[in-house]
Amino acid sequence: MRQALEQALLCEKGMNLFQGRAIVTAPHVSPDDIRHAFSAAMSDMYRTEVPAYGTLMELVSDINAETLAADPSLHERLDETDSLARISEERHGAIRLGTAAELATMRRIFAVMGMYPVGYYDLSTAGVPVHSTAFRPVGEAALKRNPFRVFTSLLRLDLIADETLRAEAEAVLAKRQIFTDSAVALTEKAERDGGLAQDDADRFVSEVLETFRWHDRANVGADLYHRLHDAHRLIADVVSFKGPHINHLTPRTLDIDLVQARMPERGIVPKAVVEGPPTRKCPILLRQTSFKALEEPVSFLGADGSWQPGSHTARFGEIEQRGIALTPKGRALYDMLLDASRAIVRPAADGSNAADYELALAKAFETFPDDWEAIRAEGLGYFSYSLTAKGRAAHGEISGDIDTWIADGLVQFDPIVYEDFLPVSAAGIFQSNLGDNAQHEFAASPNQRHFEADLGAGVLNEFDHYAGIEQASIDACRRVLTMADAAE
Ligand code: OOG
Ligand code: NI
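Residues numbered from 1 in each chain as written. Chains lettered and ligands numbered in written order. Predicted model: local features only at pLDDT ≥ 70, side-chain atom pairs only at ≥ 80, totals over all residues. Heavy atoms only, no water.

1. So, the site of ligand 1
Neighbouring residues of ligand 1: His92, Ala94, Arg96, Phe151, Asn247, His248, Gln288, Phe316, Glu318, Phe421, Ala426 and Phe430. In this structure, His92 approaches ligand 1 through a side-chain N or O atom, which is 3.1 Å from an oxygen atom. Between ligand 1 and Glu318 there is a distance of 3.1 Å, counted from an oxygen atom to a side-chain nitrogen or oxygen. For ligand 1, whose accessible area on its own is 320 Å², the fraction buried by protein is 100%. Where the shell around ligand 1 is concerned, the elements lending two or more residues are β4 (91-97) and α19 (423-434). Taken together, the residues of the shell around ligand 1 sort by class into six nonpolar, four polar and two charged. (Near = heavy atom within 4 Å. Polar contact = N/O pair within 3.5 Å; in protein donor to acceptor, adjacent residues only side chain to side chain. Areas by Shrake-Rupley, 256 points an atom, 1.4 Å probe, with all protein chains shown as cover. Helix = DSSP H or I, 4+ residues; strand = E, 2+ residues; numbered from the N terminus. Nonpolar A, V, L, I, M, F, W, Y, C, P; charged D, E, K, R; others polar.)

2. Focus: the packing of aromatic side chains
Enumeration according to the criterion identifies 18 aromatic pairs in this entry. Measuring from centroid to centroid gives 6.5 Å for Tyr121 and Phe421, while their planes differ by 80°, and the two rings are edge-to-face. You can see Tyr121 sitting in strand β5 (residues 116-122) and its partner Phe421 sitting in the loop between β15 (411-415) and α19, a full 300 residues away along the chain. Like Tyr121, the residue Phe421 is buried in the burial classification. Relative to Phe365, the ring of Tyr334 lies with its centre 5.7 Å away and its plane at 55°, an arrangement referred to as tilted. In this pair, Tyr334 is assigned in helix α14 (residues 328-344) and Phe365 in the loop between α15 (354-364) and α16 (372-377), connecting sequence segments 31 residues apart. We note that Tyr334, like Phe365, is buried. (Phe/Tyr/Trp six-rings, centres within 6.5 Å; stacked < 30°, edge-to-face > 60°. Buried < 20%, exposed > 50% of the residue type's maximum accessible area, 1.4 Å probe, protein only.)

3. A word on the sheet that holds strand β6 (residues 130-136)
As summarised here, the arrangement of the five strands in space is β5-β6-β7-β4-β9, forming an open sheet in which the pairing is mixed. In this open sheet, the two strands that pair with only one neighbour each are β5 and β9 (249-251). Each adjacent strand pair in this sheet contributes to an overall mean axis angle of 20°, direction not counted. Pairing between β4 and β9: three bridges, direction antiparallel. By the bridge assignment for β9, Gly93 is matched with Leu249. (Pairing = 2+ DSSP bridges. Axes fitted to C-alpha atoms, helices over the stretch in contact; angles between N-to-C directions.)

4. Quick notes on the coordination of the nickel ion (ligand 2)
The protein atoms that coordinate the nickel ion (ligand 2) are His92 (NE2), His248 (NE2) and Glu318 (OE), at distances spanning 2.1 Å. Coordination of the nickel ion (ligand 2) draws on donor residues from a single chain, spaced H-x155-H-x69-E in sequence. You can see His92 sitting in strand β4 and its partner His248 sitting in the loop between α12 (233-239) and β9, a full 156 residues away along the chain. His92 gets classed as buried once you look at its relative accessible area, which sits at 2%. Given the relative accessible area of 5%, His248 is considered buried. (Donors = N, O, S within 2.8 Å, 3.2 Å for Na, K, Ca; no water.)

This is a description of form; function is not addressed.
Below is the structure:
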C-alpha cells in the first residue's frame, strides 16, 4: 500500500520505482497534447502545400467571428460549454491507405495521439472502392482539448475485376513503406512505456507527419498509372505514390452557407451543392462543401530511369458545419428524408440541378422538428444537461426526473456536437473530386468484419459514445439535486 502511494507520487514527479530504488525519467506528454501538436503541424504543412487551404482558413475564421458577434446567445452557450476555444482549432483530414498492414500500423500511431477508430463506412455502394473509419478522440475532455479527426479509407482491390491489374497493384503496394523507421520505433516505445516524454513526442510528431506529405514523384511508370487510373481514379491515387498524402484538411465553420456564398470572392469555386441536411435554425449532424481537386504536376519513372512529366488530381479543400448528434431514431429519420429528397432530384455532378435539389431537400426536411425542445422531447438528438443558477442554488432532496427539473428551471440542455461523418456526404465529396463523369458500379458489399480484422481492432460504436456523454451529464445533475446535503 505504502509502495503504491509512493509510486504514484514519484510518477507525478516523473520518477519510477525499480526494485525499490527511484529512477528519474522524464514525465510523459499527454496523448491530447501530442494530438494538438500534430494537428497544428499538419495544418502548417498543408498551408504550404496547398495555398488555397490558407485562404479558406482565413475566410472561415472571419465568418466565425462575424457569426459569433451577431449571435450573442450562441457565443454564450459555446463559451459556457467550453466549446468555443476548440472551434478555431478544429479540423479533420483524410487519407487513403493501400494495405491491411498500413491500416493496422496507422491505428497504433493514432492511438499514441489518443485517436481511436469510430464507425464503419462502406463507400462501395457509392461507386468508390474503399471502406473507412474515422480516427478521433473519444470522451468529452479529450474532444474539448482538440477534436482532430482523420477519415481513413482502405482501398478494396477485391472490387477490381481485372485480375492482372489487381496483382500489379498489390505488388507495388507490398513494396512501399509509408512510415519512417523512427515513427515505428517511437510508436513501439510509446506502447511499451505507456507514453512518450517531451523530446520523443516532438520527434514523433515530425516523423509521423512524413507519412502525410505530398510526393510529386510517382513510384510507378506512366503506363501503369494510366491503367490504374482507367480502372478507377482512386486506385491510381492510392497505388501510385510513396505515401498516403493528406488529401484535404477541413476547418469547422459556424455558417457554411455564408462561406459557400463568399468563396468565389476569394477566388475559390465551391462544388454546387452542400452535402448533408438543409439549412436549419437548429443544425443537425454535418453539412459539408468542397472545392475541386487541383491538377498538380507529378513525374513518372521512365523505363530508361529518367523522370517524365505528368499530372495528378488528388488534393482539395473542404469546409464543414457541425450540428447535434442524432440518436438512432433521429438518424433513421434523417436517412429517410435524405433518401426521399434524392428520389425526387439526384444532384448532378455538373451542378445543373442544384436549385431543384436544394428545394426538394428543404421540403423533405420540413417534417424534422427545428427547435431544440422538440428534438429533445421526441428523442431525436443527444443533449448535455447542466444545472441552471436556480438548480445550483437548490438544496438537495429534490424528487422528479430530468423533464420535471427542466420544467422547473433547474436544469438546462445543450446539443452534443456530432463528431463523426456521413457516408452519403463522404461519397458526394469523393465523387465531386474524382472529376470525371465516369460512374462506377460496385455491388454493395459492406464488410465490417474484414475491415476490423485488417485494422486489428473493432471500431467503436458512435451512438454508445454520445449516449454515454448524455447519461453522465444527467447523472451529474441528479447527484446534486437529489442529495440531502447538496448545498456547496
Ligand atoms: C474522404 C472523403 C470523406 C468527409 O468529410 O466526408 C470525407 C476522401 O476523399 O478520402 O473526408
Ligand atoms: Ni472530409
